[in-house]
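Report on the structure
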Amino acid sequence: MDADVAPRLPGSPAREFSYARRDFQRVREMIYAHAGISLNDSKTEMVYSRLARRLRMTGHREFGTYLDMLADDAHPEWEHFVNALTTNLTEFFREAHHYPVLAQHARASSSRPYRVWSAACSTGEEPYSLAMTLCEAFQTDEPPVDILATDLDTQVLDKGAAGIYEMDRVDGLDSTRLKRFFLRGTGTRAGQVRVRANIRKLVRFQQLNFHSAEWGVSGQFDAVFCRNVLIYFDKPTQHRVLRRLSAFLSADGLFFAGHSESLLHAADVFTPIGKTVYRPAAANRGRLHG
Ligand SMILES: C[S@@+](CC[C@H](N)C(=O)[O-])C[C@H]1O[C@@H](n2cnc3c(N)ncnc32)[C@H](O)[C@@H]1O
């Protein structure tokens, strides 16, 4: 095998586009500098298949020339490049043990509106699950809540704002929730569901890159969900993001992490109080955004 060519998985067909090891390394450096996302060697094939679609769309024959185009930071292809490299796996009521904890906290809190931030919200299933939980907690379809949903990827934000999903995405939900919170599609929308308008109204979608100097977010939150995104960052980046997020959390606020994300290295920022649920560490309370 040519040592300069990114290795292919055994048995995989010949590549449509020329893709050298150096191309993978360039992608790795670019996405790390832009979004803090760390890609290790095991992602070589994933990068090829995700970006091959972009080469096809933009009429490039080689990764090298496609990547040269991105030397211009303001090139519109950057948005597609970034969107192609994010991993957006999510589901309604994922890691379900978090939602009763949130409901109890919201009921006990005197903060109105009760503010929640779904940071790295992907296609919207997480912030909508938060909205549904809070409707149930406050026993009304118009609860006194404000939910901010942010993500780096503009395509998933559009999908989230539309609130339209294939029927199989709601397979695991009980019929009470389905009836209360979703509309069933008919005609050309058969096989799909849409989150009801009153639930969509509770969620604001906004683009935010954790790696940017400016986040464009203000105020304090009663709960922050930042789940299954830290795993894409190295430890120094994780720590920086956690510190910045913690400054948006009220002193008695809750921070929810993903199941495989240990915050042990951030004990100066968050103190565990349950299964992947945290409070701001005492020493860290009252910090200003920064
Ligand atoms: C696997 S999804 C997690 C979705 C949801 N939180 C959950 O747990 O089901 C990870 C999300 O993180 C987003 N992401 C990756 N890097 C980011 C960054 N630098 N800033 C903001 N969001 C980012 C991706 O676009 C993706 O939608």
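This structure is a prediction, so every number in the text was calculated from the model and none was measured. (Residues numbered from 1 in each chain as written. Predicted model: local features only at pLDDT ≥ 70, side-chain atom pairs only at ≥ 80, totals over all residues. Heavy atoms only, no water.)

What the seven strands build is an open sheet, ordered E6-E2-E1-E7-E8-E10-E9; its pairing is mixed. The sheet is open, and its two borders are formed by strand E6 (203-207) and strand E9 (270-274), each paired with just one other strand. For this sheet, the mean angle separating the axes of adjacent strands, direction not counted, is 25°. Both strand E1 (residues 114-119) and strand E7 (residues 221-226) contribute to a ladder of three bridges, which runs parallel. Following the sheet pairing, Ser118 is matched in E7 by Phe225. Against the sheet, helix H5 (residues 98-108) contacts E1, E7, strand E8 (249-257) and strand E10 (277-280), and its axis sits at roughly 165° relative to E8. (Pairing = 2+ DSSP bridges. Helix = DSSP H or I, 4+ residues; strand = E, 2+ residues; numbered from the N terminus. Axes fitted to C-alpha atoms, helices over the stretch in contact; angles between N-to-C directions. Contact = heavy atoms within 4.5 Å.)

Moving on to the site of the ligand. Taken together, 22 residues lie around the ligand, and Thr90, Arg94, Ala120, Asp151 and Asn228 are the ones closest in. With respect to the ligand, the side chain of Arg94 contributes an N or O atom lying 2.8 Å from an oxygen atom. In the environment of the ligand, a nitrogen atom lies 2.8 Å from a nitrogen or oxygen atom belonging to the backbone of Ala120. Bound to the protein, the ligand loses 99% of the 600 Å² it would expose on its own. Residue classes in the shell around the ligand are distributed as ten nonpolar, seven polar and five charged. (Near = heavy atom within 4 Å. Polar contact = N/O pair within 3.5 Å; in protein donor to acceptor, adjacent residues only side chain to side chain. Areas by Shrake-Rupley, 256 points an atom, 1.4 Å probe, with all protein chains shown as cover. Nonpolar A, V, L, I, M, F, W, Y, C, P; charged D, E, K, R; others polar.)

The final tally for this structure, using the stated rule, is 18 aromatic pairs. Arranged with centres 5.2 Å apart and planes meeting at 50°, the rings of Tyr19 and Tyr48 form a pair that is tilted. With Tyr19 in the segment before helix H1 (21-35) and Tyr48 in helix H2 (residues 44-58), this residue pair connects regions lying 29 residues apart in the sequence. Accessibility assignment for this pair places Tyr19 and Tyr48 in one class, buried. (Phe/Tyr/Trp six-rings, centres within 6.5 Å; stacked < 30°, edge-to-face > 60°. Buried < 20%, exposed > 50% of the residue type's maximum accessible area, 1.4 Å probe, protein only.)

On domain assignment, one finds that the protein holds domain 1 (21-85) and domain 2 (98-284). Each of domain 1 and domain 2 was reduced to a C-alpha centroid, and the two centroids are 29 Å apart. Domain 1 puts ten residues into the contact, and the matching count from domain 2 is ten residues. Summed over both sides, the interface between domain 1 and domain 2 buries roughly 870 Å², with carbon and sulfur atoms accounting for 46% of that surface. Broken down residue by residue, the surface that domain 1 buries against domain 2 is led by Tyr32, Ala35 and Asn83, which jointly contribute 44%. (Domains from an automatic or database assignment. Buried area = accessible area lost by both parts, 1.4 Å probe.)

Another point: the pattern of salt bridges. Counted by the stated rule, this structure contains 13 salt bridges. One salt bridge in this structure joins Arg54 and Glu77, with 2.8 Å as the shortest N-O distance. Here Glu77 lies in helix H4 (residues 77-85) and Arg54 lies in helix H2, a separation of 23 residues in the sequence. By the burial criterion, Arg54 is buried, and Glu77 matches it. Shared partners join several salt bridges into a network, and the residues in it are Arg21, Arg28 and Asp41. (Salt bridge = Lys/Arg side-chain N within 4 Å of Asp/Glu carboxyl O.)

On to the nonpolar core, then. Across soluble globular proteins, you tend to see nonpolar side chains buried next to one another. The biggest cluster of nonpolar side chains holds 51 residues, and the ones touching the most others in it are Val47, Leu51, Phe81, Trp117, Phe210, Leu245 and Phe255. Listing elements by their share of this core, those giving two or more residues are H1, H2, helix H3 (63-69), H4, E1, E7, helix H10 (235-246) and E8. Considering every element that reaches this core, the biggest residue donor is H2, with six residues. Formed jointly, this core draws a minimum of three residues from each of two domains, domain 1 (21-85) and domain 2 (98-284). For Phe81, the contacting residues outside a window of four places in its chain are Val27, Met30, Ile31, Leu51, Tyr66, Leu67 and Leu70. Residues Phe92, Tyr114, Tyr128 and Val193 belong to the second largest nonpolar core, which totals 34 residues. (Core = buried A, V, L, I, M, F, W, Y, C linked by side-chain atoms within 4.5 Å.)

Taken in spatial order, the three strands make up an open sheet running E3-E5-E4, and their pairing is antiparallel. Edge strands, defined here as strands with exactly one partner in the open sheet, are strand E3 (164-166) and strand E4 (182-184). Taking the axes of each pair of neighbouring strands and ignoring which way they run, one obtains an average angle of 30° across the sheet. Bridge count between E4 and strand E5 (residues 192-195): three bridges; the pairing is antiparallel. The residue bridging Arg184 from the neighbouring strand is Val193, located in E5.

With 14 residues, helix H6 (residues 125-138) should cover 20 Å at 1.5 Å per step; its first-to-last C-alpha distance of 20 Å lies within 8% of that length. Backbone geometry just after H6 places Gln139 at a positive phi near 50°. (Expected span 1.5 Å × (residues − 1).)

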